[in-house]
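Per-entry structural report
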Amino acid sequence: MELEAYAYVGPEAIRRAVVSHPVGASIRSAEELDRWLRSHPEAVHEGTTYVVDLSGCLRLAPRRSEHVACAGGEEVLAAGELHFRSTARGWDVAEVSNQSTGYCPDTSCWTAVAHALSRAGIHGLTGFTHEIVFRRCSRCGELNLVKEQWFVCAFCEADLPARWNVAPSRRVSVTDAP
């Protein structure tokens, strides 16, 4: 399957500040998720920072971690926040977003999230519970969060593009193998 890869577009000072921080934990199975959540009990209440790396693997870090640190500074297929809930069969996804102002992924990155969760045997949702629409203004170059389908730049009031345009992106192939 081919998916969009997103480069880091956040402040360079943040990238430099977290260069020595640990990369997010790879979660390839429900057992790995259980071990990680048990070793990070605050994540059950606060949620987690996540990225889907270029191999299609889900990576988790504590909630207040920077996405670029979780990704080891690399491009991602998706980034945002995840909340899990305990069920009789293990952990399910309770909430998920694409809220990452470091990567500003398009809402279409749900495909990468769903693929990573499915590969790891983690159940839950069929889409984002909180979807963020990012656009860059073609006139002034500022990054905008589109709210209530109002595609107007908050800085210069120009119309914002209908399609995601935050930064150049590229298509990458991801296999179904774990």
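See the structure above.
Notes on the structure in this doc start here. This one's a predicted model, so the numbers in the text were calculated from it and none came from an experiment.

Core analysis: the largest hydrophobic core is formed by 47 residues, its most contacted members being Y50, L58, L60, F84, V113 and I122. Those elements that provide at least two residues to this core are β1 (2-5), α2 (30-39), β3 (48-52), β4 (58-62), α4 (67-70), β5 (78-87), β6 (90-96) and α5 (110-120). No other element matches the 6 residues that α5 contributes to this core. The contacts of V113, once residues within four sequence positions are left out, are Y50, V52, A78, V96 and F128. Within the second largest apolar cluster, 6 residues are counted, among which are V133, C137, C153 and A158.

At E148, a position not held by glycine, the phi torsion is positive, near 55 degrees. Tracing the backbone shows E148 in the loop between β8 (143-146) and β9 (170-173).

Residues N144 and V146 of β8 are buried on one face, while the alternating residues L143 and L145, pointing to the opposite face, are not. In this structure, strand β7 (residues 133-136) lies alongside β8, joined through 4 bridges in antiparallel fashion. The partner of R135 across the bridge, within β8, is N144. Connecting β7 to the next strand, β8, in antiparallel fashion are 6 residues, including G141 with a positive phi near 85 degrees.

This next bit is on the packing of aromatic side chains. For any pair of aromatic rings, geometry is given as the distance between the ring centres together with the angle between the planes. Tallied over the full model, the rule gives 3 aromatic pairs. The interplanar angle of 75 degrees and the centroid separation of 5.7 Å between the aromatic rings of Y8 and Y103 together place this pair among those described as edge-to-face. Placement of Y8 in the loop between β1 and α1 (12-17) and of Y103 in the loop between β6 and α5 is noted, with a sequence separation of 95 residues between them. Both residues of the pair, Y8 and Y103, count as buried. With a centroid separation of 5.2 Å and an interplanar angle of 75 degrees, the aromatic rings of W110 and F128 are classed as edge-to-face. One end of the pair, W110, is in helix α5; the other, F128, is in the loop between α5 and β7, and 18 residues separate them in sequence. Take W110 and F128: they sit in the same class, and that class is buried.

What counts as what
Residues numbered from 1 in each chain as written. Predicted model: local features only at pLDDT ≥ 70, side-chain atom pairs only at ≥ 80, totals over all residues. Heavy atoms only, no water. Core = buried A, V, L, I, M, F, W, Y, C linked by side-chain atoms within 4.5 Å. Buried < 20%, exposed > 50% of the residue type's maximum accessible area, 1.4 Å probe, protein only. Helix = DSSP H or I, 4+ residues; strand = E, 2+ residues; numbered from the N terminus. Contact = heavy atoms within 4.5 Å. Pairing = 2+ DSSP bridges. Phe/Tyr/Trp six-rings, centres within 6.5 Å; stacked < 30°, edge-to-face > 60°.

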